[in-house]
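# A structural walkthrough
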Amino acid sequence: MLGLSVLLAACSGSDFSEAERETIASLSIDRLGDPPPDPSNRFAGSRAAAAFGATLFFEPRLSRDGTVSCSTCHKIDRQFQDDLPRGRGVGETDRRTMPLAGVAWSPWQFWDGRADSLWAQALVPLEDQREHAGTRLGYARFVAEHMRDRYERIFGPLPDMMGLPMSAGPRGASDEQAAWAALPEAKRAEIDTVFANIGKALAAFERSIRHTETRFDRFARALAKGETPQGDAELSNTEVLGLKLFIGRANCVTCHNGPRFTDDHFHNTGVPQPADLPSDEGRAAAIAKVGADPFNCLGSFSDAEPDQCGELRFLVKDNPEMIRAFKTPSLRGASSRPPYMHSGQIATLDDVFGHYASAPTSPRGQSELQPITLSEREREALKAFLKTIDGG
Amino acid sequence: MEQQKSASLWMIGGLVVVAIAAFATLLMMRGAPADLDLSRDRLTTKQLYRVAIAPETEPFDRAALHGWVVTVSTSQGAPVDGAEITVDGGMPQHGHGLPTAPAVTAALGQGRYRIEGVRFNMGGLWEFKLRIRAAPGEDDVTFNLDL
């Protein structure tokens with residue numbers, strides 16, 4: 001009976017309740033607006049920095065062996081992700097590569113939010129031994145040799161690196177770490193500044209990567225205007241059923257809310273721990289890391305005043321809810337980018353719905369999920385709806 | 001006989017689990033109860049204080065970090081300055097707390113205090129709890145926000 005009324009309601013748009021209409025409008029890309037400013041990066045809005053960042057993003061020489069660029073995992077023709085369960089740079093990482101559309105809106109970066117800005121995030125893979133595997137001094141030297149003019153036009157003079165080792169950094173191989181520790185503190189700060197500026201340029205570029213309008217957005221726009229959706233903006237009966245479930249009984253919109261379909265927070269949803277990886281505490285382990293990160297909003301390389309660092313100042317600490325909690329990913333484009341979850345544990349959307357319906361116990365901490373019943377037809381409808389927020 | 005008894009025990013157990021799950025789902029789905037007090041001006045539990053809250057800007061974006069102004073007076077209406085105020089809360093229907101740790105960042109005078117660092121990451125029914133300590137004593141108040 002309920003199914004029938006949903007079917008009859010399809011397409012006309014007039015049969016959504018007032019609350020449903022408001023929720024649909026809240027999900028529309030028309031509600032997104034401009035990205036929030038990043039006071040920690042005074043180059044965030046610089047076109048020259050963004051262009052320089054684009055060059056750096058696609059530059060494989062920004063890696064130990066000259067083969068890994070940001071675009072190795074963040075592939076431009078694949079929503080800036082790589083379709084793999086876990087990202088692969090020099091080696092294989094523990095986590096799924098995240099797509100980049102709309103990252104400028106995320107207050108926290110990485111699945112566990114261990115970076116509080118895009119530029120602080122960008123620095124981590126550059127030195128991760130399984131990703132780019134280079135060092136900050138190596139990168140500063142590379143920029144000085146190959147991109148000096150562009151760098152100096154934006155950021156000012158590069159430091160003198162005469163007589164310094166070829167490669168050194170606190171997260172490098174043991175000899176590189178030793179070389180870094182042997183540098184005078186003032187010299188380390190100069191190199192750190194160049195490293196931070198590389199991150200700030202990458203962030204300026206990444207801020208330009210946006211979600212594109214989808215069929216759902218055209219549907220929502222028509223609905224908001226009180227018009228009947230026309231052409232590809234018209235959703236099928238199945239898609240409308242999926243939308244109604246998404247914002248209703250299936251509770252998806254609880255976390256996947258707002259125009260990016262994410263609440264920018266961290267949740268334990270009982271996703272299994274891969275047997276071949278070390279135990280992953282998610283957000284609970286990231287809180288100390290972001291607080292100690294010298295490149296965070298409150299650090300000396302940030303351009304923000306302390307009172308502009310609201311996320312860090314009002315950070316929740318010691319919360320058991322954060323054990324194995326991971327960031328809610330945007331669902332825009334998700335239907336065409338399996339596998340799912342923070343380590344690519346779940347291969348298909350069908351399996352994702354199975355996971356949410358059964359709500360398994362979390363390997364650690366407490367899952368927030370409650371089991372629900374979803375018929376085969378309802379799962380197909382949810383899948384059909386997710387395609388309407390996927391520009392492909 | 002024993003087997004039958006154990007089977008029916010299992011069945012009852014199963015039914016209880018299903019009932020709890022159904023109840024939990026119902027809790028998550030329902031909106032604010034019709035008789036829930038959504039007032040933003042209330043007396044504290046022990047009636048030591050009268051407390052009013054208002055977002056710093058109206059309308060406010062619940063999903064972005066934002067501030068609230070709390071006005072504390074005695075139950076007779078005299079402004080209370082020098083109070084220590086702590087903030088807590090969450091979504092009772094979902095069993096989770098606030099996504100941030102809001103705090104008082106300024107005393108604005110005449111019993112008014114600024115709370116910063118508030119974010120509500122979901123739509124629905126939230127509790128916003130304040131614990132107030134000042135000369136009249138320690139007391140708490142819970143506001144219900146339907147966002």
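None of the values given here were measured: they were computed from a predicted structure. (Residues numbered from 1 in each chain as written. Chains lettered and ligands numbered in written order. Predicted model: local features only at pLDDT ≥ 70, side-chain atom pairs only at ≥ 80, totals over all residues.)

### Digging into the overall build of chain B
- For chain B, the helix and strand inventory stands at one helix and nine strands.
- Listing every helix and strand of chain B by position from the N terminus yields α-β-β-β-β-β-β-β-β-β.
- Every one of the 147 residues in chain B was classed for burial, and the buried ones make up 24%.
- Long-range pairs, those at least 24 residues apart, make up 57% of the contacts in chain B between residues at least 6 apart in sequence. (Helix = DSSP H or I, 4+ residues; strand = E, 2+ residues; numbered from the N terminus. Buried ≥ 20, exposed ≤ 12 C-beta atoms within 10 Å, placed from the backbone. Contact = placed C-beta atoms within 7 Å.)

### Looking at the domain arrangement of chain A
All names here are of chain A.
- If you check the domain split of chain A, you get domain 1 (2–31 + 212–277 + 327–388) and domain 2 (47–206).
- Taken together, the contact between domain 1 and domain 2 spans 15 residues of the former and 19 residues of the latter.
- Residues of the side of domain 1 that touches domain 2, tallied by class, amount to five nonpolar, five polar and five charged. (Domains from an automatic or database assignment. Nonpolar A, V, L, I, M, F, W, Y, C, P; charged D, E, K, R; others polar.)

### Some details on the packing of helix H14 (residues 349–358) of chain A against helix H15 (residues 376–388) of chain A
Residues and elements named next belong to chain A.
- Running from amino to carboxyl end, H14 crosses H15 at an angle of 120°, the nearest separation of the two axes being 10 Å. Overall, the two elements H14 and H15 adopt an arrangement that is oblique. Judged by the sense of rotation from one axis to the other, the crossing of H14 with H15 is right-handed. Where H14 approaches H15, its residues Leu349, Asp350 and Phe353 are matched on the opposing element by Arg379, Leu382, Lys383 and Leu386.
- A breakdown of the residues in the contact of H14 with H15 according to their chemical character gives four nonpolar, no polar and three charged. (Axes fitted to C-alpha atoms, helices over the stretch in contact; angles between N-to-C directions. Parallel < 35°, antiparallel > 145°, perpendicular 65-115°, else oblique. Left-handed = near helix turned anticlockwise from the far one by under 90°.)

### Regarding helix H5 (residues 118–127) of chain A
All names here are of chain A.
- Across the 10 residues that make up H5, a large majority, nine, are buried.
- For H5, the full list of buried residues reads Leu118, Trp119, Ala120, Gln121, Ala122, Leu123, Pro125, Leu126 and Glu127.
- Looking at the packing, one finds that the buried side of H5 touches helix H6 (136–146) and helix H9 (185–206).

### Side note on the sheet that holds strand S2 (residues 49–55) of chain B
All names here are of chain B.
- The strand order across the open sheet formed by five strands is S1-S2-S3-S7-S6, and the pairing between neighbours is antiparallel. Edge strands, defined here as strands with exactly one partner in the open sheet, are strand S1 (41–43) and strand S6 (103–109). Ignoring which end each strand starts from, the neighbouring axes of this sheet average 25° apart.
- With five bridges connecting them, S6 and strand S7 (residues 112–118) associate as antiparallel partners. Bridging from a neighbouring strand, Ala106 pairs with Arg114 of S7. (Pairing = 2+ DSSP bridges.)

### Notes on the interface of chain B and chain A
- Counting residues at the interface gives 20 residues for chain B, matched by 21 residues for chain A.
- Residue assignment for the side of chain B that touches chain A shows that the elements contributing at least two residues are helix H1 (2–29), strand S5 (96–97) and S7 of chain B.
- In terms of residues, the side of chain B that touches chain A owes the most to one element, H1 of chain B, which gives five residues.
- Looking at the side of chain B that touches chain A, its residues break down into 11 nonpolar, eight polar and one charged.

### Topic: the confidence of the model for chain B
- This prediction gives chain B a mean pLDDT of 87; 78% of its residues lie at or above 70.
- Complex prediction metrics read pTM 0.91 and ipTM 0.89. (pLDDT = per-residue confidence, 0-100.)

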